[in-house]
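Reading the structure
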Amino acid sequence: MSIYDTLNREQQEAVYQTEGPLLILAGAGSGKTRALTHRVAYLIGEKGVKPWNILAITFTNKAAGEMRERVNQLVDFGAESIWVATFHSTCVRILRRYIDRLGYDNSFSIYDTEDQKSLMREVCKRLEIDTKIYKERAILGAVSRAKNELITPEGMLKSAEGDYGKKRVAQAYEEYQRMLKRNNALDFDDLLMKTVELFLSCPDVLDSYQERFRYIMVDEYQDTNTAQFQLIRLLAQKYENLCVVGDDDQSIYRFRGANIRNILSFEKVFPNTRVIKLEQNYRSTKNILKAANEVIHHNYGRKDKTLWTENEQGEKLVFRQFMNGFEEADYLVEAIRRRVREGEAQYRDCAILYRTNAQSRLFEEKLIYAGIPYKLIGGINFYARKEIKDILAYLKLVDNGQDDLAVQRVINVPKRGIGATTLNRAMDYAQAYGISLYDALMQASKIPGMSRGAGKVLPFTVLIERLRAIKEHSTLPELMDAVLRESGYLKALEEEGSEEAQGRIENIDEFINKVTVYQESAQEPTLSGFLEEVALVADIDGLEEDSNYVVLMTLHSAKGLEFPYVYLAGMEEGIFPSYMSIHADEAQEELEEERRLCYVGITRAKKALVLSAARQRMVRGEVQYNSISRFVGEIPEEYIEEQKREPIREVPRAAAYAQAKQAFQNKSFESKQFTVKRADTLEYKEGDRVRHIKFGEGTVTSIVEGGRDYEVTVDFDGAGIKKMFASFAKLKKI
DNA sequence: TGATCTGCGGTTTTT
DNA sequence: CCGCAGATCA
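Anyway, here's the lowdown on the structure attached to this text.

Scoring rules and cut-offs
Residues numbered from 1 in each chain as written. Chains lettered and ligands numbered in written order. Predicted model: local features only at pLDDT ≥ 70, side-chain atom pairs only at ≥ 80, totals over all residues. Heavy atoms only, no water. Pairing = 2+ DSSP bridges. Helix = DSSP H or I, 4+ residues; strand = E, 2+ residues; numbered from the N terminus. Axes fitted to C-alpha atoms, helices over the stretch in contact; angles between N-to-C directions. Contact = heavy atoms within 4.5 Å. Expected span 1.5 Å × (residues − 1). Buried < 20%, exposed > 50% of the residue type's maximum accessible area, 1.4 Å probe, protein only. Polar contact = N/O pair within 3.5 Å; in protein donor to acceptor, adjacent residues only side chain to side chain. Near = heavy atom within 4 Å. Nonpolar A, V, L, I, M, F, W, Y, C, P; charged D, E, K, R; others polar. Salt bridge = Lys/Arg side-chain N within 4 Å of Asp/Glu carboxyl O. Right-handed = clockwise from strand over helix to strand, strands pointing away. Parallel < 35°, antiparallel > 145°, perpendicular 65-115°, else oblique. Left-handed = near helix turned anticlockwise from the far one by under 90°.

**Quick word on the sheet that holds strand β7 (residues 242-246)**
With parallel pairing, 6 strands are arranged side by side in an open sheet as β3-β2-β6-β7-β1-β8. Edge positions in the sheet fall to β3 (83-86) and β8 (274-278), since each of these pairs with one other strand and no more. On average, each strand axis in the sheet is tilted by 15° relative to the strand beside it, whichever way the strands run. Pairing geometry for strand β2 (residues 54-58) and strand β6 (residues 215-218), over 4 bridges, is parallel. When the bridges of β6 are listed, Leu55 appears paired with Ile216. Set on the sheet, helix α4 (residues 87-98) makes contact with β2, β3 and β6; between it and β3 the angle comes to about 115°.

**Focus: the environment of Glu545**
With respect to the helices, strands and loops of the structure, Glu545 is situated in the loop between α25 (527-536) and β14 (550-554). Along the sequence, Glu545 and Trp308 sit 237 residues apart, while their C-alpha atoms lie 27 Å from each other.

**Observations concerning helix α8 (residues 164-182)**
Along an α-helix, residues three or four apart share an orientation, since each turn contains 3.6 residues. The terminal C-alpha atoms of α8 lie 27 Å apart, and with 19 residues this matches the ideal 27 Å at 1.5 Å per residue to within 8%. The complete set of buried residues in α8 reads Gly165, Arg168, Val169, Ala170, Ala172, Tyr173, Glu175, Tyr176, Gln177, Met179 and Leu180. In this structure, the buried residues of α8 make contact with β4 (109-111), α5 (113-126), α6 (136-148), α7 (153-159), β5 (185-187) and α9 (188-201). Put simply, Asp163 is the residue that caps the front of α8, since its side-chain oxygen is 3.2 Å from the backbone nitrogen of Gly165.

**Topic: the protein's contact with DNA strand C**
Taken together, the residues surrounding DNA strand C are Arg121, Arg620 and Gly621. In this structure, a phosphate oxygen belonging to DNA strand C sits 3.2 Å away from a side-chain N or O atom of Arg121.

**Overview of the protein's contact with DNA strand B**
Taken together, 26 residues sit near DNA strand B, with His88, Arg137, Arg355, Thr421 and Met580 positioned nearest. Each atom of DNA strand B within 4 Å of the protein was assigned to sugar, phosphate or base; sugar and phosphate come to 58%. Taking Thr554, its side chain carries an N or O atom lying 3.0 Å from a phosphate oxygen of DNA strand B. Elements supplying a minimum of two residues to the surface near DNA strand B: α19 (420-433), α26 (555-558) and α28 (587-602). Its residues assigned to classes, the surface near DNA strand B shows 6 nonpolar, 12 polar and 8 charged.

**A look at the pattern of salt bridges**
Tallied over the full model, the rule gives 52 salt bridges. Between Asp688 and Lys685 there is a salt bridge whose closest N-O contact spans 3.5 Å. Lys685 gets classed as exposed once you look at its relative accessible area, which sits at 52%.

**Examining the pairing of β3**
The alternating pattern of β3 places Trp83 and Ala85 on one face and Val84 and Thr86 on the opposite face, and all of these are buried. Assessed by its sense of winding, the connection that carries the chain from β2 through helix α3 (residues 61-74) to β3 is right-handed.

**Focus: the packing of α4 against helix α10 (residues 203-212)**
With their axes 12 Å apart at the nearest point, α4 and α10 run at an angle of 135° to one another. The angle between α4 and α10 places the two elements in the oblique class. Every pair of crossing elements has a handedness; the one defined by α4 and α10 is right-handed. Note on element contacts: α10 touches α4 through Val205, Ser208 and Tyr209, opposite Ile94, Arg97 and Tyr98.

**Some details on unusual backbone geometry**
Glycine aside, residues mostly have negative phi, and peptide bonds are mostly found in the trans state. Here Phe576 and Pro577 are connected by a cis peptide whose omega angle stands at 5°. Along the chain, Pro577 falls in the loop between β15 (563-568) and α27 (579-582). The phi angle at Glu128 is positive, at roughly 55°, despite the residue not being glycine. When you line up the elements, Glu128 lands in the loop between α5 and α6. Positive phi outside glycine occurs at Glu240, with the angle close to 60°.

Below, the structure is given as structure tokens:
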């Protein structure tokens, strides 16, 4: 009996077909990860393939980690030398090594969307583009689409012949690229495009990677864009041992450039492709699966397949309509609480899914009020918070002196009396001499008209130089500490003393924790390594399996996950499918994508699925009246039970709404008091021995009563003296 | 130069 | 409804 006997016939075929192009069409819950991991094990164990000759590309870091772990359990050794990574981190690793061939410095920065926007604003200013007419966002969107299609600024300029608007966008694209390069920075899309460019212009580099990656596997293939496809094609074209796994019915990233043709015409690009379909579902009940099948059958132009399962019939799906969003949230939270109370489920078995991040707020408030632990995925990224971005900018500047954006961000944070005038002079000077902004500041005394400003700039450059020196002989947490202290950033926050500032300090503490974890867990911790890890984390990467909380996230984030109990909220026309998709130029196409998203949502559920809608809902400060989503109607009655539909009540709608809102706010006000109120007593006192999750054991040296929490100082045996908030630090008396 | 005010517009989804 | 960019004032 071998490990492969537990697989079904199709899965086995996928495992044994190791040579040549292979397309696995894997339906939701069909055990594709199992097939993939066994395939890797088979390659290593039976075919004698060296682990380092295998490349596995996943969609998120979380998926990569899981894959590595599961392979680890199957093979005796060598799993750690398999290259398992996302497209973006793969590209970064390659570019860190070779991007100098394209005229960039290997210590390039990675710009996030906020950085991109600042840069584009600057571009528009320079080109005198009126951002009232051409919005930065729109231009960036066009640039991103171009990059995903591997279209260069020159290419765009050519195709813009005669179209003034398009020409302006192309010019902006060109200038934007020029500025990125001058800042020695790449945006997300560049990571892919520059790697393709590198391979095309340096055949020797391409060849070395073709030799290295003799066996290539790509997960979530339906969500690849043209640039990603070309990247794979180039890498695979020598040996053609390329295995892609995907499900055209789960393609939900068209808006991000995902090209469904990549899956639909894979067989044309690789003529000898073997196609295997995995259609047996191991995840959901019959009712759930059949409902999903029915919904997705309303789409055209899909590869035909029908999932089936041997699982039990299960409960019928439930649909309920409520008067408004508050009642909906109330009910779902109550339903979860009941399931847990009755021992049917644990919190971690339950997920609330919705179309847009904004919908999460109501659920959060209700969950807090109910005292139910929850984890919110998505929304504003931790690393996008102002204070974190500020610290990151310092670190980036220490790492890459050409990053003008980072300089602009922190030169006057905290206040150093360096204003717009000084900064502009320095920027003009930098431009005139073709040097970076930071280098210009280094020669501040030479800059005309800056006699006064120069005196203020000097301490700043001295600070950065000092930090650079510290970086050379310190660990990252030590460097962080130096940044926080010597820049005066922490002090400024502490002096502010507001509740907001306190929150920021807590975030910074959390950030220090992350740096510490990185320092301790990375094989070879470096500043650049840390910065890129930060740039490439996805929200979903923060989801830990072993903790026990209700999960809240968008349908997009839920892809690839499964939960016993799923609550699909906001099933309303205009919400899901979204208003945008209904009114788009290509409404048919976009609605089909929404339907695929719905299919993804339904198929996340293992045991039970509840769908809900609200008759009226507050969207962007306005009351909206929505009818029930068409997707609900696409599920035949035999699989779904409609528990309650709100009658149209003869109350003035606005008044009813105001009432509901009032009631809700009263409750949530109580809840805030309830949750924010610090514990009346702490389980430890001064002099006690306590344990902290990261710092280990230590002695409490002081406890100070703060505004809404206790500030505890602990002298840790290993980590030294730390100050922390009691509710945040979760210290345990020992 | 910094701090506050105000008006506008924006989100659908994310590596 | 919220956040932010630009304008205005101290």
